[in-house]
Amino acid sequence: MAHKTKKKIFNSTTKFLFLVVTIFLSIFAIKINLMSQNFEKLREKMVSEQLMTRDITSKVVLDAMLTVPRHLFVPEDIQDFAYIDRPLPIGLEQTISQPYIVAFMTQSLDPLPGMKILEIGTGSGYQAAILAQIGCEVYTIEIFDELVKNAKKVLSKLKYNNVKVKCGNGYIGWQEYAPFDAIIVTAAPDKIPEKLIEQLKDGGKMIIPVGNQNSVQSLKLLTKKDNEITEKDLLSVLFVPMLE
Ligand code: SAH
């Protein structure tokens, strides 16, 4: 009899615990769901207010900016600010670019699925994810190992298998996979690195901010045709320096 009562108590305790855990997990799941719905709304607002009201018209770019969860590319304590109209710190004195700048640079390259693109300055991995979302084959180089590790982690979590990240010096490019259909440089050198021009395909485009940090930098669009480079100044910008 005593044994039976003990068993009964045990059963009801187990049931109670099971109920508590289930309730707790449900609340947690609802919270996560609400949070991601909230981020989705912020992303829609970012696209309609910061991109469409300016000069971003490319459907592939707008779709990618609507899809890639930017908040996962910034440190957890500033995730709530991920969709504002500003660059944000990502550690090691580096930044994730303002959404508009990411969209503008991407649009300037006319990216298409299957294009082979080299990025210099992986940073958070967000720009690489936007290109990967479009369907490009992305090769991206970052000088800080810690940022490489973080970027690899988030890109693989989001299953962007079409991105290769390596730690290295962007000035020498990535000869192994050259030539590239397009090159995007997201840190500012004082002058255009020769190796990057060499690694650009004929007919390819490169977008790059040029100038030192104490002066105005110019965002340039370069086109290579029959070994001739045409240069166009698009915008005045402020990027972190491309380290030697
Ligand atoms: N594209 C990034 C933002 C990059 S900020 C994003 O989407 O988040 C510029 C990045 O360039 C920084 O992470 C910086 O560490 C890196 N960088 C600076 N000099 C470099 C160099 N010589 N080679 C490769 N990366 C460099």
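Up top is the structure.
Let me sum up the structure you'll find in this document. It should be emphasised that the depicted structure is a prediction, and the values quoted were computed from it without experimental measurement.

What counts and how
Residues numbered from 1 in each chain as written. Predicted model: local features only at pLDDT ≥ 70, side-chain atom pairs only at ≥ 80, totals over all residues. Near = placed C-beta within 6 Å. Helix = DSSP H or I, 4+ residues; strand = E, 2+ residues; numbered from the N terminus. Nonpolar A, V, L, I, M, F, W, Y, C, P; charged D, E, K, R; others polar. Core = buried A, V, L, I, M, F, W, Y, C linked by C-beta atoms within 7 Å. Buried ≥ 20, exposed ≤ 12 C-beta atoms within 10 Å, placed from the backbone. Contact = placed C-beta atoms within 7 Å. Arc of directions from axis to C-beta. Pairing = 2+ DSSP bridges. Axes fitted to C-alpha atoms, helices over the stretch in contact; angles between N-to-C directions.

1. Quick look at the site of the ligand
- Inspection of the region around the ligand gives 23 residues, with G121, G123, S124, Q127 and G170 positioned closest.
- Those elements giving two or more residues to the shell around the ligand turn out to be β2 (94-96), α4 (126-134) and β4 (137-142).
- Among the residues making up the shell around the ligand, the classes are represented as 12 nonpolar, 10 polar and one charged.

2. Re the nonpolar core
- Among the nonpolar cores identified, the biggest contains 55 residues, and M65, I117, I130, L131, V138, I183 and I184 are the most heavily contacted of them.
- The dominant element in this core, judged by the number of residues it contributes, is α4, at seven residues.
- When residues no more than four places from it in sequence are discounted, the contact partners of I183 are L118, L196, L200 and M206.

3. Describing helix α2 (residues 59-67)
- All of the buried residues along α2 are V61, A64 and M65. Along α2, the residues classed as buried sweep out an arc of 100° about the axis, all on the same side.

4. A word on helix α3 (residues 99-108)
- Most of α3 is tucked away, with seven of its 10 residues classed as buried.
- D110 sits one or two positions beyond α3 and adopts a positive phi of about 45°.

5. A word on the sheet that holds β4
- Strand order in the open sheet formed by seven strands is β5-β4-β3-β6-β7-β8-β9, with mixed pairing between adjacent strands. Both edges of this open sheet fall to β5 (163-167) and β9 (228-237), since each of them pairs with a single strand only. When the angles between neighbouring strand axes are averaged without regard to direction, this sheet yields 15°.
- By the bridge criterion, four bridges tie strand β3 (residues 116-120) to strand β6 (residues 180-185) in an arrangement that is parallel. Counterpart to I117 in the pairing with β6 is A182.
- Its contacts with the sheet place α4 against β3, β4, β5 and β6, and it is angled at close to 170° to β4.
- Those strands touched by helix α5 (residues 145-157) are β4 and β5, and its axis lies near 165° from that of β5.

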